[in-house]
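Commentary on secondary and tertiary structure
Letter by letter, the chains look like this.
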Amino acid sequence: MTLQDLREHSALKWLYPGMHIKRWLALLLFGISLMGLGIAYMLKEAYLQAELPGIFYYLTLQSIPRWARGMLFISLSLSTVGIAVYKLNESLLYAFVRPEVRDQSMAEAIYSKRFLSRGPRVVAIGGGTGLSTLLRGMKAYTSNLTAIVTVADDGGSTGRLRQEFGVVAPGDLRQCIAALAEAEPLMTRLFQYRFTEGTGLEGHSFGNLFIVAMSEVTGNFEAAIHEASRVLNVRGTILPSTLEDVTLSARTHEDEEVHGEHNITERGAQIKDLFIHPGDAAAHPDAVRAILDADIVLIGPGSLYTSVMPNLLVPGIHKALAQTLATKVFICNVATQHGETDSFGVAEHIEAIERHTASGILNVVIANNNILDVLPEAWHSSAVTVPDEPQRAIPTGVRLIQADVVAEENRYRHDPQKLAATIMRLYDGRDIQITDARRVAAEEQPVLLSR
């Protein structure tokens, strides 16, 4: 066993700072020592006063020096106390530990909980697959996560449920719940499952139906999200940007107005302006509070006009971003989206955000620098690139960070681990002009989570 293996051994995690274990172990040993001292006084008195058979000479180890006897009994005491405490806690906690993680040591489980609770306060704003990808990577570093999700989706299963039940769009909220649930792989499959047949069920997502059913049981949509998160043991908080029934609208460069997120995507025309109805929709108060209290705010990745921007158009969210002292980071997409951001580069993404919000709302932009020359023609997409002279194209005061954050198996998406590692390096104030972020992600992934 190497020195590194010894340092990372689960038994030594009991001694890590912040575990809140050492003080109680010390108190336990102190109490046992007092008991041992009392027993020693009684035995000494009995030994001096009573006439004992000769065999007690050997039973009391008189042939061994007293210092050696003391060390022997101390070693036996520590060993038995350690085994007893471990097995006792293992038995007591058995009913509360999920079966799929029972092979994880108790020290690792406690350290994981303590480690994540001390992580940075992170707010992620967006929607769709991009936001869930980001959350899946960030939950390995902190449990102080707040996802602020767009509710403008009106297509597919979500659109039908909005019309029939008058609820806030559940689709993007569903994806975030699946990403942050402790039993993530299973919950992702379950929440993303779509019924392929059945009168009234065909095309619906189970996760959407679950959330709507929970809203009926709890009495309101906000309580439904909270209870669904509690039941599924979600790591973090998921909030809609607004609880109002909003409609997303766009004005194209041909001055045509298109209403509804689904119609905007289907229309595929170049967007000039984007707005929501009602324009004065109230932001969720907890979302505003989270932004103001955050250490770092992450905007994107995701569909620029239909996932990211609808959140920023809510006046309360926009004002909170302008007032917060947190570092505001825009995570630029790694590829253009057909019908929304055709031919866009990093500079065009930033320009679109500032045009619909305000100049200076961003502090940092993260852009992918692992770019292939050509993406598959069937994707109708191209890699989002950084301008040749970024100091001229990127707004003054915005720091541009280039890193390898693309998923190798799908170059249309971000890699959760690469992206999260890059963000944490930014938060820690370290140099993040890196070329091999997958290696960095593997090195920086918390040891307790890499089994």
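The preceding data block contains the structure.
Report follows, based on the coordinates. Given the structure is predicted, the values throughout are model-derived calculations rather than measurements.

A few points about the pairing of strand E9 (residues 364-368)
- Counting buried positions over the 5 residues of E9 gives 5, a clear majority of the element.
- With burial as the criterion, each face of E9 is covered, one bearing Val364, Ile366 and Asn368 and the other bearing Val365 and Ala367.
- Pairing of strand E8 (residues 327-331) with E9, which is carried by 3 bridges, proceeds in the parallel orientation. Along E9, the bridge assignment pairs Val329 with Val364.

Focus: the side chain of Thr150
- Among the secondary structure elements, Thr150 is positioned in the loop between strand E2 (145-149) and helix H7 (156-165).
- According to the relative accessible area criterion, Thr150 is buried, its value standing at 1%.
- Of the polar contacts made by the side chain of Thr150, one reaches the backbone nitrogen of Ala152; its length is 3.3 Å.
- The contacts of Thr150, once residues within four sequence positions are left out, are Gly126, Gly127, Asp172, Ser241, Thr306, Ser307, Pro310 and Asn311.

Let's talk about the packing of aromatic side chains
- Counted under the stated rule, the structure contains 5 aromatic pairs.
- On the numbers, 6.1 Å between centres and 40° between planes, the contact of Phe206 with Phe210 is tilted. Of this pair, Phe206 and Phe210 both sit in helix H10 (residues 206-218), 4 residues apart, roughly one helical turn.
- Three or more aromatic residues joined by ring pairs make a cluster, and in this case those are Phe191, Phe206 and Phe210.

Notes on unusual backbone geometry
- Here the bond from His277 into Pro278 is cis, since omega is -5°, no more than 30 degrees from zero.
- You can see Pro278 is positioned in the loop between strand E6 (271-277) and helix H13 (285-293).
- Between Gly300 and Pro301 the backbone carries a cis peptide bond, its omega angle lying at 0°.
- In this structure, Pro301 sits in the loop between strand E7 (296-299) and helix H14 (304-312).
- Even without being a glycine, Asn233 presents a positive backbone phi close to 55°.
- For Asn233, the position within the fold is in the loop between helix H11 (221-231) and strand E3 (237-240).
- Its relative accessible area of 37% is what places Asn233 among the partly exposed residues.

Details of the sheet that holds strand E4 (residues 247-252)
- Read across the open sheet, the 3 strands follow the order E5-E4-E6; overall the sheet is antiparallel. Edge strands, defined here as strands with exactly one partner in the open sheet, are strand E5 (257-259) and E6. Pairs of neighbouring strands in the sheet enclose a mean axial angle of 20°, with direction left out of account.
- One ladder, built from 6 bridges, connects E4 with E6; its direction is antiparallel. Within the sheet, the bridge partner assigned to Thr252 lies in E6 and is Ile271.

Here's the deal with the side chain of Thr306
- Residue position: Thr306 is located in helix H14.
- Looking at Thr306, the relative accessible area reads 3%, which means it is buried.
- Looking at Thr306, its side chain comes within polar contact range of the side chain of Glu340, at 2.5 Å.
- Once residues within four sequence positions are removed from consideration, Thr306 is found in contact with Thr150, Leu248, Glu261, Ile264, Thr265 and Glu340.

Remarks on a nonpolar patch on the surface
- The grouping of Leu25, Leu28, Leu29, Ile32, Trp67, Met71, Ile74 and Leu78 at the surface amounts to a nonpolar patch, some 740 Å² of accessible area in total.
- For the nonpolar patch, the secondary structure elements donating two or more residues are helix H2 (22-49) and helix H4 (66-93).
- On the secondary structure map, Leu78 appears in helix H4.

Some thoughts on the packing of H14 against helix H16 (residues 346-356)
- Running from amino to carboxyl end, H14 crosses H16 at an angle of 35°, the nearest separation of the two axes being 10 Å. Relative to H16, the crossing made by H14 is right-handed. Taking contact as the criterion, the partners of Leu304, Tyr305, Met309 and Leu312 in H14 are, on H16, His349, Ala352, Ile353, Arg355 and His356.

So, the sheet that holds E8
- Here we have 7 strands laid out as an open sheet, ordered E3-E2-E1-E7-E8-E9-E10, and parallel in their pairing. Both edges of this open sheet fall to E3 and strand E10 (399-403), since each of them pairs with a single strand only. Neighbour to neighbour, the strand axes of the sheet diverge by 20° on average, direction disregarded.
- Both E7 and E8 contribute to a ladder of 4 bridges, which runs parallel.

Concerning the nonpolar core
- Within the largest apolar cluster, 100 residues are counted, with the highest numbers of intra-cluster contacts made by Ile238 and Val346.
- Sequence-distant contacts of Val346, defined by excluding residues within four places in its chain, comprise Cys332, Val365, Ala367, Val384, Thr385, Val386, Ile394 and Leu400.

Some words on helix H15 (residues 315-323)
- Every buried residue belonging to H15 is among Ile317, Ala320 and Leu321, and all of these are buried. Down the axis of H15, the buried set is contained in an arc of 100°. They therefore lie on one face. Seen from the open side of H15, the exposed residues pointing more than 90 degrees away from its buried face are Lys319, Ala322 and Gln323.
- Buried-residue contacts for H15 involve strand E1 (122-126), E2, H13, E7, H14 and E8.

About the thresholds
Residues numbered from 1 in each chain as written. Predicted model: local features only at pLDDT ≥ 70, side-chain atom pairs only at ≥ 80, totals over all residues. Heavy atoms only, no water. Buried < 20%, exposed > 50% of the residue type's maximum accessible area, 1.4 Å probe, protein only. Helix = DSSP H or I, 4+ residues; strand = E, 2+ residues; numbered from the N terminus. Pairing = 2+ DSSP bridges. Polar contact = N/O pair within 3.5 Å; in protein donor to acceptor, adjacent residues only side chain to side chain. Contact = heavy atoms within 4.5 Å. Phe/Tyr/Trp six-rings, centres within 6.5 Å; stacked < 30°, edge-to-face > 60°. Axes fitted to C-alpha atoms, helices over the stretch in contact; angles between N-to-C directions. Patch = residues over 30% accessible without salt bridge, like charges linked within 9 Å, V, L, I, M, F, W, Y side chains within 5 Å. Areas by Shrake-Rupley, 256 points an atom, 1.4 Å probe, with all protein chains shown as cover. Salt bridge = Lys/Arg side-chain N within 4 Å of Asp/Glu carboxyl O. Left-handed = near helix turned anticlockwise from the far one by under 90°. Core = buried A, V, L, I, M, F, W, Y, C linked by side-chain atoms within 4.5 Å. Arc of directions from axis to C-beta.

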